[in-house]
Amino acid sequence: MSFLQLVSQMTPVRRWLSRKNPFFVCDFYFVLVLVIFLGFAANYVGIYDFIFFEKSFDNDFTWPPRVFDNGFYQDHQRTSDGRRIDYVEFSASLTSSLEEWKLNSAFWKLEKENDFSERPAFAQGMMSMVGQIPVLRQHIKYLQFITTPVADMPAPTACTLFHSSKSVGLVILVKSAVTHSARREAIRKTWAAASAHTMAKNGKESLYQVLFVVGVGGTHTSGTGGADVGVGPTTGFTYQYQADLMEEQATHGDLIQLQFLDTYFNNTAKTIAGLHYLLDKCPILDARNGFVFFSDDDMLLNMKNMEKLLDGIRAERDLQSVPNDVYLGHQFPGSKPQRWRWSKWYISTDEYPFSWYPPYITAAAVLLSKDTAEKFFYASHFVPLFRFDDIYLSIIAHMLQISSQDRSDAIWFDYVPFEGNAELYRDKMIAAHGFHQPEFMISTYQRLIAVS
Ligand SMILES: *[C@@H]1O[C@H](CO)[C@@H](O)[C@H](O)[C@H]1NC(C)=O
């Protein structure tokens, strides 16, 4: 008996079929249920986001020119379930204010020290403004929390070694996970082997410094934790793998460990907290010629080509009275937020209301000049964190009117096999993706050395 025959013999179905005109005399309730079901299904896959809630953000990526007196624009919207969300935009006029703010020694530090009497007028204005915007007040608190180094974890050796000389030309901040010690080991043995720290130990001139940024392994002992980005701070942690990390630090001295849970969706915290640490607590970068490179721990770097790139940029910037900003890497010029709910990269319109992302540099490999990194650092105090670190940086860049520069010819997002591409690896490649197996990183690096 076929399946259809079987179904047609079930009592309710038999009754239905014995009607005079079963398909025309359709049940009212049946249709109603169907409509409700389809409505829910459409909501589930995120269609309403597209249709009702998404704000247009033109293809040419001009933000709506809405400017508040003080350079900020605050808006709110209601979500489908009536919740109010606040969000903040700031205008390009802030770019000039950032300079002023820097001179005023940054209200950020003043707030930390809680010394309100000494606060310069400009910083005072900023502070009271931030105080009025709940979303920012919460954000600043969260930043303070996640940028706190973990107690008892010693600072990276390089941060004390080069502190006064500020002579490091390039700091590579490798975003690594607590448990990825084997990947870090592979990186130390390969492209980071000539890292400034090692060279200085041998009494040589420093060139570049590799530092690994990690969070905390474990769970929160209290508070909500949860999947929310930018929600916190919560009080304590149960530390996991902490003894291993301490030992690793004692041996290599190249870890920056900060107070956020080390999870995939805390990558933005990792990026921003790492940047804050470098500029605020570990000021070793050469002021004029310094660069920051963010890297994932599955990237293979070719330091020779990296140096060529930096030398080229430095020579160019030497000729400019105000050097151009450098925000460079593998660029994605036009991506839309994923509104399909089952996607790993799903973003609700609550989190990001616009229909396009600004052109962004994929976070696996991002190069910033020191002055550009500083602008990002200051601006990050005004922009609540966003789940994806590359998009977050691009939002800041967009607000600062810094454009991203594509070098996808040399910084590869997709894995390129070494086999058949040895020359590309030798002459062109600056950063290559896809080396999450430590042995594979090492063997490919050896092949690269062999052809160099
Ligand atoms: C990110 O870290 C913060 C601070 O530790 C934590 O409250 C939050 O739950 C973490 N977020 C994710 C998505 O793990």
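Residues numbered from 1 in each chain as written. Predicted model: local features only at pLDDT ≥ 70, side-chain atom pairs only at ≥ 80, totals over all residues.

As annotated in an unreviewed UniProt entry, the chain carries the name Hexosyltransferase and is attributed to Ramazzottius varieornatus. As stated in UniProt under Sequence similarities (unreviewed entry), the record for the chain gives "Belongs to the glycosyltransferase 31 family." (UniProt positions renumbered as here; feature names shortened; annotations may be inferred.)

Engineer: Sorry, what's going on with the overall build of the chain here?
Structural biologist: A count of helical and extended segments in the chain gives 18 helices and 12 strands. Within the span of the chain, comprising 452 residues, buried residues form 37% of the whole. Contacts in the chain between residues far apart in sequence, at least 24 positions, make up 72% of those at least 6 positions apart. (Helix = DSSP H or I, 4+ residues; strand = E, 2+ residues; numbered from the N terminus. Buried ≥ 20, exposed ≤ 12 C-beta atoms within 10 Å, placed from the backbone. Contact = placed C-beta atoms within 7 Å.)

Engineer: Teacher, can you tell me more about helix α3 (residues 28-45) here?
Structural biologist: Residue pairs three or four apart in sequence face the same way in an α-helix, which turns once every 3.6 residues. An ideal rise of 1.5 Å per residue puts 26 Å on 18 residues; α3 measures up with 26 Å between its terminal C-alpha atoms. For α3, the tally of buried residues reaches only zero of 18 residues, placing the bulk of the element at the surface. Backbone geometry just after α3 places Gly-46 at a positive phi near 95°. (Expected span 1.5 Å × (residues − 1).)

Engineer: Mind showing me how you'd approach the nonpolar core here?
Structural biologist: Among the nonpolar cores identified, the biggest contains 92 residues, and Val-171, Leu-173, Val-292, Leu-368 and Ile-396 are the most heavily contacted of them. Counting residues per element, this core draws most heavily on strand β10 (residues 360-369), at eight residues. Excluding residues that lie within four positions of it along the chain, Leu-173 makes contacts with Leu-211, Val-213, Gly-274, Leu-278, Val-292 and Phe-294. (Core = buried A, V, L, I, M, F, W, Y, C linked by C-beta atoms within 7 Å.)

Engineer: What exactly am I supposed to notice about the packing of helix α10 (residues 181-189) against helix α18 (residues 438-451) here?
Structural biologist: For any two helices packed against each other, the geometry comes down to the angle between their axes and how far apart the axes lie. Orientation of α10 relative to α18, taken along the N-to-C sense of each, is 10°, at an axis distance of 8 Å. As far as their axial angle goes, α18 and α10 are roughly parallel. In contact with Ala-182, Arg-183, Glu-185, Ala-186 and Lys-189 of α10, α18 contributes Pro-438, Met-441 and Ile-442. (Axes fitted to C-alpha atoms, helices over the stretch in contact; angles between N-to-C directions. Parallel < 35°, antiparallel > 145°, perpendicular 65-115°, else oblique.)

Engineer: So what exactly am I meant to see when it comes to the environment of Phe-440 here?
Structural biologist: Among the structural elements, Phe-440 can be located in helix α18. In sequence terms Phe-440 and Ala-186 are 254 residues apart; their C-alpha atoms lie 9.1 Å from each other.

Engineer: How should I be thinking about helix α15 (residues 370-379) in this particular structure?
Structural biologist: Counting buried positions over the 10 residues of α15 gives nine, a clear majority of the element. Those residues of α15 not exposed but buried are Lys-370, Thr-372, Ala-373, Glu-374, Lys-375, Phe-376, Phe-377, Tyr-378 and Ala-379.

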